[in-house]
Amino acid sequence: MRSRHSRLYVNIDHVATLRQARGGTEPSPVEAAAVCEAAGADGITVHLREDRRHIQDSDVEALATSITTFFNFEMACVDEMIAMAVRLKPSQVSLVPEKREEVTTEGGLDVLGGRVRIGAAVDRLKAAGIHVSLFVAPDPRTIVAARQVGADAIELHTGEYANHLADPATLAALVDGARIGAAEGLSIYAGHGLTVRNVGPVAAIPEVTELNIGHSIVSRSVFVGLQEAVREMRRAMDAARYQHEI
Ligand code: PXP
């Protein structure tokens, strides 16, 4: 039987968003990471954006030593970020596309168009002993290209699914993408726009072993606290896996 427990990595970017609103020191992402870990998160994700709108360099430096579970460092595929990762050696780097004007990560990486650049970044990161994941749309050619450039894993972009829940094609694309990626030998992760209400069908995809979830957990924490918000998500994920297996 497959493991019922796919990993939950909590993205704490928006803890920093709240801090940046006043430019002070609270709330602290380091403290948030520790609370998430105590509540059962399997890992912590942060995205150091080129415009530094939420997470700052000093946060990444501090988190690199404070996180006791698994540190997933999300970044654009640019020299500055790759060099920082090679120096700090997080457990994993997730490469994502980044546009300055976007509110959040809008699409997946263009692995086909950026083969050479992405492949070189993957090589540098893997040489430093870092596990590398590429954030991609569930497009079969892109998934095959992710394997060809040497990635260890893909994170399937669940934004289309989350925004069009009534359209079964969006879930079917994730199910197919997960199967294709696993057949290529990649580890399969997923994330973006997931909530306790829509996470079930994604958590139930057998190949998916890790979910990255941020905004909905941090939003929910305003009402129930961060520990409980993490636990609610964990329960929603586990319930889905369980239903899938019986
Ligand atoms: N995965 C990736 C690659 C992302 O860029 C993001 C958003 O930063 C997430 C997951 C988390 O998305 P959300 O905040 O909508 O849960």
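Up top is the structure these notes are about.
Just so you know, these numbers come straight off a predicted model, no measurement behind them.

Colleague: Any chance you could explain the environment of L8 here in plain terms?
Modeller: Here L8 shows up in strand β1 (residues 7-11). The sequence separation of L8 and T45 amounts to 37 residues, and the corresponding C-alpha distance is 10.0 Å. Here L8 is in contact with A41, D42, G43, L211, I213, I217, V230, M233, R234 and M237, once residues within four sequence places are set aside.

Colleague: Before we go on, may I ask you to explain the pattern of salt bridges in this structure?
Modeller: Oppositely charged side chains can pair when the atoms bearing their charge come close. Scanning all chains against the criterion turns up 14 salt bridges. Close ionic contact of R87 with E61 constitutes a salt bridge, the shortest N to O distance being 2.8 Å. Of this pair, R87 sits in helix α4 (residues 79-88) while E61 sits in helix α3 (residues 57-66), and the two are 26 residues apart along the sequence. With relative accessibility at 32%, the residue E61 sits in the partly exposed group. The salt bridge involving R179 is made with D176; its shortest N-O contact spans 2.9 Å. Highlighted residues: R179 and D176, both in helix α8 (residues 168-183), separated by 3 residues, approximately one helical turn. Of the residues examined, R179 reaches a relative accessible area of 48% and is grouped as partly exposed. When salt bridges that share partners are traced, they join D42, R234 and D238 into one network.

Colleague: Whenever I open this one, the packing of helix α2 (residues 29-38) against α3 confuses me. Can you help?
Modeller: Geometry of a packed helix pair, given as the angle between the helix axes and the separation of the axes. It is the contact of α2 with α3, at a shortest axis distance of 9 Å, that shows an interaxial angle of 30 degrees. Crossing of α2 against α3: the hand is right-handed. For the pair α2 and α3, contact is made by P29, V30, A33 and E37 and by D59, A62, L63 and S66, respectively. For the contact of α2 with α3, the residue count by class is 5 nonpolar, 1 polar and 2 charged.

Colleague: In this structure, what is going on with the site of the ligand? I would like to understand it.
Modeller: Taken together, 14 residues sit near the ligand, with E74, E155, G193, G214 and H215 positioned nearest. G193 places a polar main-chain atom, nitrogen or oxygen, 2.8 Å from an oxygen atom of the ligand. Contact between the ligand and H215: an oxygen atom at 2.8 Å from a main-chain N or O atom of the residue. When the ligand sits alone it has 400 Å² of accessible area, and the protein chains cover 94% of it. Structurally, the ligand is housed in the largest pocket.

Rules used throughout
Residues numbered from 1 in each chain as written. Predicted model: local features only at pLDDT ≥ 70, side-chain atom pairs only at ≥ 80, totals over all residues. Heavy atoms only, no water. Helix = DSSP H or I, 4+ residues; strand = E, 2+ residues; numbered from the N terminus. Contact = heavy atoms within 4.5 Å. Salt bridge = Lys/Arg side-chain N within 4 Å of Asp/Glu carboxyl O. Buried < 20%, exposed > 50% of the residue type's maximum accessible area, 1.4 Å probe, protein only. Axes fitted to C-alpha atoms, helices over the stretch in contact; angles between N-to-C directions. Left-handed = near helix turned anticlockwise from the far one by under 90°. Nonpolar A, V, L, I, M, F, W, Y, C, P; charged D, E, K, R; others polar. Near = heavy atom within 4 Å. Polar contact = N/O pair within 3.5 Å; in protein donor to acceptor, adjacent residues only side chain to side chain. Areas by Shrake-Rupley, 256 points an atom, 1.4 Å probe, with all protein chains shown as cover. 1 Å grid on protein atoms, 1.4 Å probe; cavity = no way out; pocket = protein on both sides within 12 Å on 5 of 7 lines; lining within 4 Å. Sits in = over half its atoms within 2 Å of the grid points.

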